[in-house]
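Single-letter residue listing:
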Amino acid sequence: MRKHLLVLWVLCFLSSLAIAQDLKPITWKDIPTWKYMNGRSFEVSPDGQWMAYTIVQLEGDGELIVQKVNDLESKKTYNIGGVTGQQFAFSKDSKWLAFKEDPSFDEKKKNEKAKGKPLSDKLHLIKLGTDEKKTFEKVSTFSFNNDGSSVLAINLPKEGNGEGKGSDLLIYNLNSEKALTLGNVLEFSFNKPGTYLAYTVDAANKSGNGVYLFNLSNNSTAVLENDKASYKSLSWTEKGDAFAALKMVEDKKYKQDQGKIVGVKNLAAPQVTVYDPQKDSTGFDQSYTISPNRRPMWSEDLTRLFYGIHPLVLAKKEEAKKEVDKDSVAKAESEAMKKIMADTSIHSIKDLQKAISKLDTAKASPKKGDADKPDMTIWHWNDSRLQSRQQVLENMDKNYSFWAMYDVAAGKHIALQDSSMRDLSIMPKEKYALGSDLQKYELDINLDGQNYRDFYIVDLKTGEKTTLFTNFYLPSFSSYPRPSPDGTKFNYGYDGNYYIYDIESGEEKNLTASLPVSFVDTEDDHNVKKPLENFLGWSSNNDYVLISDGWDIWQIPVADGKEKAVNLTQDGRAEKIRYQYRFRLDPEEKGFDLSQPQYFRIYGEWTKKSGIAKINPAKKSGLAAGTEKLVWEDASIGSLQKAEKAPVYFYSKETFNEPTQYYAADASLASAKKVTENAPDASKYSWSAGTRLVDYVSDKGDTLQGALFLPAGYVEGKKYPTVVYYYEKLSQTRHNWTNPGYSGTGWNPNVYTSNGFAVFIPDIVYKMDDPGMSAVWCVIPGVKAAIETGVIDENNIGIHGHSWGGYQTAFLITQTNMFKAAAAGAPLTNMISMYDLIYWNSGGGNMSIFEASQGRFTGGPWENWDSYERNSPVYHVKNVTTPLLMLHNDKDGAVDFTQGIEYYSALRRLKKPVVLVQYKGENHGLGKLENRKDYSVRMMEFFNHHLKGEEAPVWLSKGINKLELDEHLEKRAF
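Residues numbered from 1 in each chain as written. Predicted model: local features only at pLDDT ≥ 70, side-chain atom pairs only at ≥ 80, totals over all residues. Heavy atoms only, no water.

### Remarks on the overall build of the protein chain
- Scanning the protein chain from terminus to terminus reveals 18 helices and 55 strands.
- Against the globule reference of 30 Å for 974 residues, the protein chain gives a C-alpha radius of gyration of 33 Å, in line with a compact fold.
- Taken over the C-alpha atoms alone, the protein chain extends approximately 95 × 95 × 65 Å along its principal axes.
- Within the protein chain, contacts between residues separated by at least 24 positions form 55% of all contacts whose residues are at least 6 apart in sequence. (Helix = DSSP H or I, 4+ residues; strand = E, 2+ residues; numbered from the N terminus. Rg over C-alpha atoms; globule rule 2.2 N^0.38 Å. Contact = heavy atoms within 4.5 Å.)

### Some points on helix H2 (residues 105–114)
- Judged by how many residues are buried, H2 sits mostly at the surface: one of ten residues are covered.
- Backbone geometry just downstream of H2 places Lys115 in the positive-phi region, at approximately 55 degrees. (Buried < 20%, exposed > 50% of the residue type's maximum accessible area, 1.4 Å probe, protein only.)

### Description of the packing of aromatic side chains
- For the structure on display, the rule yields 51 aromatic pairs.
- Plain terms: the ring middles of Tyr766 and Trp804 are 6.3 Å apart, the flat faces sit at 55 degrees to each other, and that makes the pair tilted. Of the two residues, Tyr766 sits in the loop between strand S49 (758–762) and helix H10 (771–787) while Trp804 sits in helix H11 (residues 804–812), which places them 38 residues apart along the sequence. Like Trp804, Tyr766 is buried.
- The ring of Tyr766 carries the charged tip of Arg856 above its face, separated from the ring centre by 4.0 Å.
- One Lys or Arg, Arg938, reaches over the ring of Trp955 and ends 5.2 Å from the middle of that ring. (Phe/Tyr/Trp six-rings, centres within 6.5 Å; stacked < 30°, edge-to-face > 60°. Lys NZ or Arg CZ within 6 Å of the ring centre and 35° of its normal.)

### Brief notes about the packing of H10 against H11
- Relative orientation of the contacting elements H10 and H11 amounts to 75 degrees, with a least axis distance of 9 Å. In terms of their interaxial angle, H10 and H11 are classed as roughly perpendicular. Seen from H10, the contacting residues are Pro771, Gly772, Met773, Ala775, Val776, Val779 and Ile780; seen from H11, they are Trp804, Tyr807, Gln808, Phe811 and Leu812.
- A per-class count over the contact of H10 with H11 returns ten nonpolar, two polar and no charged. (Axes fitted to C-alpha atoms, helices over the stretch in contact; angles between N-to-C directions. Parallel < 35°, antiparallel > 145°, perpendicular 65-115°, else oblique. Nonpolar A, V, L, I, M, F, W, Y, C, P; charged D, E, K, R; others polar.)

### A closer look at the nonpolar core
- Membership of the largest hydrophobic core comes to 58 residues, with the highest contact counts inside it found for Val724, Val779, Val783, Leu884 and Tyr903.
- In this view, Tyr903 contacts Ala810, Ile813, Thr814, Thr829, Pro873, Val874, Val877, Val880, Leu884 and Met886; residues no more than four positions away in its chain are not counted.
- Counting residues in each nonpolar core, the second largest holds 42 residues, with Tyr742, Val751, Phe757 and Leu887 among its members. (Core = buried A, V, L, I, M, F, W, Y, C linked by side-chain atoms within 4.5 Å.)

### Comments concerning the pattern of salt bridges
- With the rule as written, the count across this model stands at 39 salt bridges.
- A salt bridge links Lys398 to Glu394; the nearest nitrogen and oxygen atoms lie 3.4 Å apart. Here the residue Lys398 and the residue Glu394 both occupy positions in helix H6 (residues 394–398), the gap between them amounting to four residues, near one helical turn.
- The exposure class assigned to Lys398 is exposed, which follows from its relative accessible area of 56%.
- The partner of Lys440 in a salt bridge is Asp454, and the shortest N-O contact between them spans 3.0 Å. One end of the pair, Lys440, is in the loop between strand S27 (432–437) and helix H7 (442–448); the other, Asp454, is in strand S28 (residues 452–459), and 14 residues separate them in sequence.
- For Lys440, a relative accessible area of 62% translates into the label exposed.
- Taken together, the shared-partner salt bridges in this structure form one network comprising Arg385, Asp397, Arg422 and Glu442. (Salt bridge = Lys/Arg side-chain N within 4 Å of Asp/Glu carboxyl O.)

Written out as structure tokens, the structure is:
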């Protein structure tokens, strides 16, 4: 018997070995047709019985998978064309699914080459549980009528360039299968119950333009407002009992249209309010108008309308034509003709005719005012924003609007803010608004990165503004005030503690000072003072807040009394488990419901395990102390969601070598079963054989970890070429699946491990004034510890990083010869020159980044010269012996291209082995597919040569002359 079992075991082993031998490494040429689940495209029907998700590919058609949650055999697959986005929706009654089908990938490609007319989409409607499918041609957008689930509205785009922006809207009855068409619809929106459809009309010559209300119970239409105007920005209340819209009327006197507000309530017998500020000369500043750039809204009690206002700008008048001095013109023409005749380049009558033609063209079409007006920018030292920043924000500044409100009963307009208070957030229940302004501090913020604001409370009954805080310091977003669900209180963080402020009483309370733990994020190593751990939210009854101390979650009562703060999770700090955040299972919730269990994402700091824990309601009030770990695995667990109307739960799980999949379960998350088939071709390829954690201590005594990813086909005792990758702290990615693809940086760990490389990702923590040396103190000890595992071939180690990681790479090779090859993407190389450059993507300066963010310097170079020089790769370039591949693009808006050129030129001057790859017009990362493909292949060729001993391609060994570049690129394209 034992003999038979042994033979059976051997046969199984040999069979698995044969299967393993059939597997192949994934190559860059496999990726265009690699099929994968697109982002968060997983959706569940409200009753929890049905699910759908999309599988797409980079260069091919996608599929929509529809199936019953408890019957995977019911799966049906539908083609959705060459699409990468999510374009499907369940009806609220869970009976229907609608999805769009794009033209196929091949059709799009052919049409693009032919420069044909835009192709149109189809819409398919499926009755779930049947084979019924109805198709609608040439569709733009679609929408079910929310809770009503009785009709499907389909926008049919207009063909041609006719007047009027509206198009046909088809209202298809799901039960009767009958349809009616509404013409010239510009915008449409159902209320939440799905009983009414509000829509606006934009027709030729503005005939019939207006706001309409369609009653779905009897198919009747009410004309609420008509005029020769443009109507837009429909906005329903949350309950769906009223809506607001904008009415914009052309006024040739101004650059902008004159705006008016339309408010509609009492839908059964519509009550329409139209506020026209031009008729309100006493209450409304006539130098302003209602802005089209802010969506209007009703207050919850339907007594006030809120909207934006902005200044009017006069239209430019045509300049009066100046009388022309005929003698001057004749003289100028004579001089011009003399120049033409003296031109030695004119050799024929044809040349002369061309020159005279140019002169006539210049005379006929002079540029208005250009001869008198320079094209320039003035940079002033007192500018609170750099001119480059002003240019980036120019359109936003032009379109900026201030909040205002209209009291319907009183017929009164009240401006809620002006230029002295640039930001305003209307709090829940619309009793108060929180205003803030940074103008007094903006210059300093842009210089040193330390954030300050003035805060105000605005009474939304009267518009009265009260100063709350001045010179308020915000070391991180956690300190920013957040309102309670009833809008009468807010929490905020200050000087290492959390507070509650009661608006009506004016009282404040320190929530955390008396607790036995600190809520300061001591692991934040940026140059900011007392940044706080996360604020997790308010209870729906406004009585409690949840705050993290970095490990555990504390439930803290807001009001004074006998009740004390409770550590709900208890074991976080002791077990080194981080309770990171709460899963919001009801997207419409207003704070967490104390009567319901609460689910949290948990993460093991040193094990890298993750999972989901539950806290149950307490018997009296609040939540019960102590958690129940429902899922706790050596995997990355996340994205918990619940069916809207059923106790059916779904969560995602992935590992480094297993694609993201979704699992269905009950509220206990027990007996979860996999319900998706993401990456259906994954079984054809060989992936990493697993991961290991590497513990090490930095040269400065910090206890750290690195994640070591084994190569595919790993054999114990064999050493492998290794690429080290880093970006501050990334060991938490140990269990993250990386979809094979062409990234904007060329890096893809799964492709590298599939092709025989080990990958090591060590953590870096930073010491102030030494960002480069911090990498030396952390990375080198980490790599040495990883070598001790026996996995890494110490003679064939490469390093790669992009942006900040590119900087670490450029710096590390000036400090060590440990690495045989290095690839640095968009690296900072001279901290002194980089400090004064501009972050062109935002238009802001780099100095605040250097002093308060990633740079981690205290002060500028003139105050701290040695630190800046000590941590600049370019000043240590003579030490470099490691071959370097650099990626830096000429339109990099984050790390200026000159940084790459500085380093490249210095290395070249010293005849160091360096290749700089530049993609014209590209930004900080590669955007164009052809460029992402090209660089991904080049970077692996670079590492294959240096770490695996493969022959160097010509571009790497000799370079490519400009005249030969086109032919070189054509041969490599795929």
